[in-house]
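Listed here are the chains, written in short residue letters.
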Amino acid sequence: MSRTRVPEPLSVAELVHFGPLAQSQVFAADDLDRQVAAVALVGELDQIHQCEPHAAVVLHGAAALGAWALESALRLAWERNAACVVAPAEITVTTPTAQLAERLRVPLFVVADPAKSALELAAAISDTEAARARLTARCAVLFGERSTARDIIGVINTEVPGVITALVTEDGHVLAGRSAADRSQGSHRVEVAVPGPDGRPWATLVAQLAAWSPSWVETVRTILRLARAPLAATVGRSWLTPVFQAAKDKLLLHTLLTAPNPTAERQATDIGWRLAGEHIAVFLKPSERVPGPAEVATPGVVVAWRESFGDLPLIPREDGWLSWWTAVPGGPQEIADRVRAHLAAAALPIPLVAGIGVTGKDLPGLTRSVSEAILAAAVASRPGGNPVEQFGDLGPRAVLACLPVDDIAAAARVALAELINAPDAEVLLSALTALLDCAGSTGQAATRLGVHRNTVLGRLERIRARGIDLDSPDQRLALHLACYALLSADTPT
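As the structure is a computational prediction, the values presented were derived from the model and not from experiment.

Participant: I keep staring at the overall build of the protein chain and nothing clicks. Help me out?
Facilitator: What the protein chain contains, in helices and strands, is 19 helices and 15 strands. Per-residue burial for the protein chain yields a buried fraction of 46% across its 493 residues. Contacts in the protein chain between residues at least 24 apart in sequence constitute 63% of all its contacts with a sequence separation of at least 6. Counting every atom, the protein chain has about 24,700 Å² of accessible surface; 54% of that belongs to carbon and sulfur.

Participant: Is there a simple way to explain the sheet that holds strand β5 (residues 108–111) in this structure?
Facilitator: Working definition: the strands of a sheet are paired by backbone hydrogen bonds and lie parallel or antiparallel to each other. If you trace the 5 strands from one edge of the open sheet to the other, you get β1-β5-β4-β3-β2, paired in mixed fashion. Each having just a single partner strand, β1 (25–27) and β2 (38–42) make up the two edges of the open sheet. Neighbour to neighbour, the strand axes of the sheet diverge by 20° on average, direction disregarded. Helix-sheet contacts for helix α2 (residues 69–79) involve β3 (55–59), β4 (84–88) and β5, and the interaxial angle to β4 is about 160°.

Participant: Can you help me understand the packing of α2 against helix α3 (residues 95–104) in this one?
Facilitator: How two helices sit against one another is set out by the angle between their axes and by the gap between those axes. Between α2 and α3, the shortest axis-to-axis distance is 10 Å and the interhelical angle comes to 5°. By the angle between their axes, α2 is roughly parallel relative to α3. Touching Leu-70, Glu-71, Leu-74, Arg-75 and Trp-78 of α2 are Thr-97, Leu-100, Ala-101, Arg-103 and Leu-104, all from α3. Here the residues of the contact of α2 with α3 are counted per class, giving 6 nonpolar, 1 polar and 3 charged.

Participant: Where do I start with the environment of Lys-250 in this structure?
Facilitator: Relative to the helices and strands, Lys-250 is located in helix α8 (residues 214–258). On the basis of relative accessible area, Lys-250 is assigned to the partly exposed category, the value being 34%. Residues Lys-250 and Pro-316 lie 66 residues apart in sequence; the distance between their C-alpha atoms is 5.8 Å. Once residues lying within four places of it in the same chain are set aside, the contact partners of Lys-250 are Ile-315, Pro-316, Arg-317 and Glu-318.

Participant: Explain the sheet that holds strand β8 (residues 189–195) to me, please; I cannot follow it from the model alone.
Facilitator: Pairing is antiparallel in the open sheet, where 4 strands are placed in the order β7-β6-β9-β8. A strand with exactly one partner marks an edge of an open sheet, and here the two such strands are β7 (174–177) and β8. Adjacent strand axes in the sheet meet at a mean angle of 20°, parallel and antiparallel pairs treated alike. Pairing of strand β6 (residues 163–168) with strand β9 (residues 201–209), which is carried by 6 bridges, proceeds in the antiparallel orientation. The partner of Leu-167 across the bridge, within β9, is Leu-205.

Participant: Before we go on, may I ask you to explain the packing of aromatic side chains in this structure?
Facilitator: Aromatic ring pairs are reported here in terms of the distance separating the ring centres and the angle at which the planes meet. Scanning the model with the defined rule gives 4 aromatic pairs in all. Look at Trp-273 and Trp-324: their rings are 5.6 Å apart centre to centre, the planes differ by 85°, and that puts the pair in the edge-to-face class. Highlighted residues: Trp-273 in the loop between α9 (262–270) and β10 (278–286) and Trp-324 in strand β12 (residues 321–326), separated in sequence by 51 residues. Each of the two residues, Trp-273 as well as Trp-324, counts as buried.

Participant: Just to check I follow, could you spell out the packing of helix α16 (residues 425–437) against helix α18 (residues 453–465) for this structure?
Facilitator: At a closest axis distance of 10 Å, the pairing of α16 and α18 adopts a crossing angle of 105°. Judged by the angle between their axes, α16 and α18 are roughly perpendicular. On α18, the residues that touch Val-427, Leu-428, Ala-431, Leu-432 and Leu-435 of α16 are Val-456, Arg-459, Leu-460, Arg-462 and Ile-463. Tallied by class, residues from the contact of α16 with α18 come to 8 nonpolar, no polar and 2 charged.

Participant: Sorry, what's going on with the pairing of β2 here?
Facilitator: Each regular strand displays side chains that alternate between the two surfaces of the sheet. Side chains Ala-38, Ala-40 and Val-42 project from β2 onto a buried face, and the interleaved Val-39 and Leu-41 project onto a face without burial. As defined by bridge partners, β2 adjoins β3 across 5 bridges and the pair is classed as parallel. Residue pairing across strands places Ala-40 opposite Val-57, the latter belonging to β3.

Participant: Would you mind showing me how to read the pattern of salt bridges here?
Facilitator: Oppositely charged side chains can form a pair if their charged atoms are brought close together. Here the structure, examined in full by the defined rule, presents 11 salt bridges. Across the pair Glu-218 and Arg-221 runs a salt bridge whose closest N-O atoms are separated by 3.9 Å. Here Glu-218 and its partner Arg-221 are both found in helix α8, 3 residues apart, which amounts to about one turn of the helix.

Participant: Help me out: how do you make sense of the environment of Ala-425 in this one?
Facilitator: Of note, Ala-425 is situated in helix α16. Note on Ala-425: relative accessible area 10%, which makes it buried. Measuring from C-alpha to C-alpha, the distance between Ala-425 and Ile-463 comes to 9.4 Å, with 38 residues separating the pair along the chain. Once you skip the residues sitting within four places of it in the chain, Ala-425 turns out to touch Leu-419 and Ile-420.

Participant: Would you mind going over the pairing of β10 with me for this structure?
Facilitator: Taking burial as the measure, the 9 residues of β10 include 8 buried ones, the bulk of the element. As judged from the 2 bridges shared by β10 and strand β14 (residues 360–361), these two strands associate in the antiparallel manner. Note on β14: the bridge partner recorded for His-279 is Gly-360. Bridging between β10 and β12 involves 6 bridges; their strand directions are antiparallel.

Participant: In this structure, what is going on with the environment of Ala-227? I would like to understand it.
Facilitator: Tracing the chain through its elements places Ala-227 in helix α8. Here the alpha-carbon distance between Ala-227 and Ile-152, two residues 75 residues apart in the chain, equals 7.1 Å. Contact partners of Ala-227, with chain neighbours within four places excluded, come to Phe-143, Ile-152, Ile-156 and Leu-205.

The rules we used
- Throughout, a residue's number is its position along its own chain's written sequence, starting from 1.
- Selection of residues for local features in this predicted model requires a pLDDT of at least 70, selection of side-chain atom pairs for listing and counting requires 80 or more, and totals for whole chains, interfaces and linings are taken over all residues.
- Based on all heavy atoms of the structure, the side-chain values leave hydrogens and waters out of the count.
- Counting from the N terminus, the helices are DSSP H or I runs at least four residues long and the strands are E runs at least two residues long.
- Here the term buried applies to any residue with accessible area under 20% of the maximum for its type, exposed to any over 50%, and partly exposed to those in between, with areas from a 1.4 Å probe on protein chains only.
- Residue contacts are counted whenever heavy atoms from the two residues lie within 4.5 Å of one another.
- In these tables, accessible area is a Shrake-Rupley quantity obtained with a 1.4 Å probe, and a residue counts as shielded only by the protein chains included in the view.
- Pairing between two strands is assigned when DSSP locates at least 2 bridges connecting them.
- Each axis is a line fitted through C-alpha atoms, and for a helix only the stretch in contact is used; angles between axes span 0 to 180 degrees, taken between their N-to-C directions.
- By the definition adopted for this analysis, an angle is roughly parallel if under 35 degrees, roughly antiparallel if over 145, roughly perpendicular if from 65 to 115, and oblique otherwise.
- Residue classes follow a fixed rule: Ala, Val, Leu, Ile, Met, Phe, Trp, Tyr, Cys and Pro count as nonpolar, while Asp, Glu, Lys and Arg count as charged, and any other residue, Gly among them, counts as polar.
- To pair, rings of Phe, Tyr and Trp, with the six-membered ring standing in for Trp, must have centres within 6.5 Å; the planes then decide the type, stacked if under 30 degrees apart, edge-to-face if over 60, and tilted in the middle.
- Salt bridges, as used here, are contacts in which a Lys or Arg side-chain nitrogen is within 4 Å of a carboxyl oxygen on Asp or Glu.

And the structure:
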């Protein structure tokens, strides 16, 4: 058989913060944690002797008038262990009277209409659940009006009497609120886990209660739980902001590079982009070892970039992220060194490579430098490439890196099957590539391969014996691409 839980009486603090004493003037407010068990409307001072302990003594009539009436009421209330004393506004509370209330630790309130206050107090303490429900509802409304974690925690610390609260991470760092809440380790402590927007544990709401009772603990726990969703929303907004800004920057950059106009240039200038001067573009690209789309890594890549290079823009593109330096004395080499150090040290969500363009002036030069950086990054992302490649070191050879190497290699294995199946295929393929690179010069090819010219002539004869005509202009370009693809493809020949 279950027993219905009887709610504990309200405290004076609860009556002040969300009850009938909210509009009163208060003195001796250091002891508001007393519970209020009853209300006694007192017209004569002698009636205080009949009051129950923990009663709210409301003075009116003769009990509130006359010399030393209030001081006498405070002493009698203290003797009866009253929760507080409520006096009419006609009485002037002098400094000695307020000091007496503080010394006796009896909270003193001054209200406009004592009889009305007595009725409201009686109604409140007779239905504590309703009073606490009003507090919970008020907190829920205020949570919805706040947009930062600090303000949301502030609602709890301001509105919930006798409670100090903090938002604490798993490692003990206080994100918002009063750190004293986390330092307290007593039994008057309530904790509620707060998940992040992705549902994973993010932080903990810690509340330290001045008074402890099962009903009050349940009320505080409910309020903390109500705060979880707004707190997760604040985190979600902070997480989404970089993504939203990155999407806007991507559209603006596309306009500048493809169809520049004064409006776009003004918008770029307003957000700090430098369009005039000597630019050097940098393009970050996922390594070919990274599976799946790279867009999900954008927040982490952008945040890491800002930590290394401050306000330099980093804008997402279709298959990477673009930035540029302006007026760097050391030129592309200095930028390559700095980007290389960043890629090695930064906490990146995925492994990246980078391409560095050549210096270009103003917006047309930046557009060209961007194209060069993208080509250089394509070379860097190939197997065997350097993490950072400069277009100035690669030149037009960077174009070859953008070809579908695996597809060309697959076609070459069919078209050059007789050469590929030869016992010395690797030797012949290297000789053929060297001859094509050297425009058919057997002497230069021998020097490149480190062999005698007669050796190259002998390999050339074996190549021709397998149906390959190096003298045909129609086949020379296709042969050159095929050799490049076969030597660059992941699958061995």
